[in-house]
Amino acid sequence: MSKPVLVIGAGPVGLTMAAELARYGTPVRIIDRLPARTTQSRALAVWPRTLELLDAAGCADAFRATGLRADAVSLHAGNSTLARIPFGTIASPFNYLLMIAQSETERLLEEHLGTFGTPVERGTELTDFVDRDDSVSCTLRHAGGRIETLEAAWLIGCDGAHSFVRGRLGMAFEGDTLPMGFVIADVHVAGLAVPPDEPAIFWHPDGAVMFFPITQGRYRIIADLGSVPLHRPDLGEMQAIVDRRGPGGIILSNPVWLSDFGVNERKVRNYRRGRVFLAGDAAHIHSPAGGQGMNMGMQDAFNLAWKLALVERQDASPRLLNSYSSERSGVARQILSDSRRMTTIVLLRSHLAQRVRNFTVKQGFRIPVVRRAIANRLSGILIGYPDSPLNMGSARGLRGPGPGQRLVSRCSSKQGNRPPRFVLAARDSAEARAMIARHPTLLMPEPCLPPDENGIWLIRPDGYVAAAAKCGNWTVIDMALNGYGRPSKHQGL
Ligand SMILES: Cc1cc2nc3c(=O)[nH]c(=O)nc-3n(C[C@H](O)[C@H](O)[C@H](O)COP(=O)(O)OP(=O)(O)OC[C@H]3O[C@@H](n4cnc5c(N)ncnc54)[C@H](O)[C@@H]3O)c2cc1C
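Residues numbered from 1 in each chain as written. Predicted model: local features only at pLDDT ≥ 70, side-chain atom pairs only at ≥ 80, totals over all residues. Heavy atoms only, no water.

> So what exactly am I meant to see when it comes to the pattern of salt bridges here?
A full pass over the atoms with the stated rule returns 34 salt bridges. Here Asp71 ties to Arg69 by a salt bridge, and the two come within 2.9 Å at their closest N and O atoms. By relative accessible area, Arg69 is classed as partly exposed at 41%. The partner of Arg341 in a salt bridge is Asp338, with the nearest N and O atoms 3.7 Å apart. Placement of the pair is Arg341 and Asp338 together in helix H8 (residues 322-346), with a separation of three residues, close to one helical turn. Given a relative accessible area of 49%, Arg341 falls into the partly exposed group. (Salt bridge = Lys/Arg side-chain N within 4 Å of Asp/Glu carboxyl O. Buried < 20%, exposed > 50% of the residue type's maximum accessible area, 1.4 Å probe, protein only. Helix = DSSP H or I, 4+ residues; strand = E, 2+ residues; numbered from the N terminus.)

> Any chance you could explain helix H1 (residues 12-23) here in plain terms?
Because an α-helix completes one turn every 3.6 residues, residues spaced three or four positions apart along the sequence face the same direction. Over its twelve residues, H1 runs 16 Å from end to end, which matches the ideal 16 Å to within 8%, given 1.5 Å per residue. When you tally the buried positions in H1, you get twelve out of twelve residues, the bulk of the element. Among the residues of H1, those classed as buried are Pro12, Val13, Gly14, Leu15, Thr16, Met17, Ala18, Ala19, Glu20, Leu21, Ala22 and Arg23. The positive-phi residue at the C-terminal boundary of H1 is Gly25, with phi of around 85°. (Expected span 1.5 Å × (residues − 1).)

> What is the right way to read the site of the ligand from this model?
What surrounds the ligand is a group of 30 residues, the closest being Asp32, Gln102, Asp281, Met294 and Asn295. Here a nitrogen atom of the ligand sits 3.1 Å away from a polar atom, N or O, in the main chain of Arg33. About the coverage of the ligand: the protein hides 88% of its 1000 Å² of free accessible area. For the shell around the ligand, the secondary-structure elements that each account for two or more residues are H1, strand E9 (124-131) and helix H7 (293-312). For the shell around the ligand, the per-class residue count stands at 13 nonpolar, ten polar and seven charged. Residues lining the shell around the ligand come from more than one domain, with at least three contributed by each of domain 1 (5-44 + 102-173 + 268-347) and domain 2 (175-265). (Near = heavy atom within 4 Å. Polar contact = N/O pair within 3.5 Å; in protein donor to acceptor, adjacent residues only side chain to side chain. Areas by Shrake-Rupley, 256 points an atom, 1.4 Å probe, with all protein chains shown as cover. Nonpolar A, V, L, I, M, F, W, Y, C, P; charged D, E, K, R; others polar. Domains from an automatic or database assignment.)

Here it is as structure tokens:
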């Protein structure tokens, strides 16, 4: 029996990681030190790119059936609507925002993981590990105190913002704690005059108050505290904030969660050391403005799982794994800077700056192309890996995405439950068939329709273009596949 990959943490990121590895047939164990799943709603927003990847994994339908579909977000100042950003223009089969409590996301992911026969081992804590080059020796403490020593093929720390794995590796979590605080409430809301499934943000000279629908009539409310220190609010305080900063006439009741949070913006430089990886909040944290944190973490998992699965099967060289940190670190840098910009705009303090902001937003967001650009940016569909070491060739002169860009096609989105494979998107021809015959362990057995019949695309299992070339230029595709392919005896990590 081969050594399993050990995933630490059964939050949304660890569950995604374990489910993807299990779907690809890689032996995996997942542990969490808590005895039960979280009941807190925390991350609510699941964006289109994450839904596309969940669809490829085979569990988007369950999410769709459980969450609340939001078709737009609106910005207001008192009773005046400054802007409404519709999501219907997003170029994705999932052109909406799915509102779903993190506790539900975790439940659905755990059920999905269970379909592969992999349980979450709860009440089990990682207390130590040593990377021994050909395995990682891990010490686990089970509920009741039993100690287990496990030789894992790889260790993946999805153990959250206070990551034990990151700390044990001595990796710096570089960045800042921002001088701002928020209060948060999950409550019943009556009298909010915006469509019931639409997030709404109200700007006021004192600060912002934001309403995010969770289920019919129930909302997450977030408000910044200004210079007031962090503290857990009560319902009366939330009502007073909503009365002052909102449009008026809103009644809050039945709170199920009242809390506060500060904002950190931090990331590690490298997501990997030897046989140990970091993913999710263990590798990056930032302001919840834009609702990107969990989405980014789950996409870390989608990025790493197929690479590890191919390497574990010895269908690919371990060098493939080097691309994980550079690809995902670039995405985190971008999202951290976007979320800082968004937070700064939301929390402007000077009244003059607030007036300029409100005017600019009202005028600028009248332009459809601006609304579309913002919606696309939030959706995650523009995320790509333009500087990935895996990229080969170019799509210049072709109608279709270039290396590192996302390509949603029917064949790349439905790989099923089997080892990960690249898709060859090319006209069905003797050359295409010969290429598949040369790389049977890396390529899907059938070519798929290309976006432009004058070109050839090699699509990664996570739906990004690995290589592109004009028709006839098969060398580019061959070189790319040879580059990822099986290790020679002399290749190390
Ligand atoms: C108020 C709030 C609102 C948010 N809203 C959004 C949003 O709308 N959209 C969005 O994308 N993100 C949002 N986020 C961020 C989101 O909640 C996090 O990004 C997400 O939870 C990270 O998931 P994770 O799996 O990386 O870590 P976590 O969810 O923190 O899970 C880590 C797990 O590891 C376990 N663990 C830790 N150490 C060990 C150990 N040594 N051994 C075993 N187990 C261990 C823990 O018990 C825990 O279950 C929000 C966050 C907050 C606080």
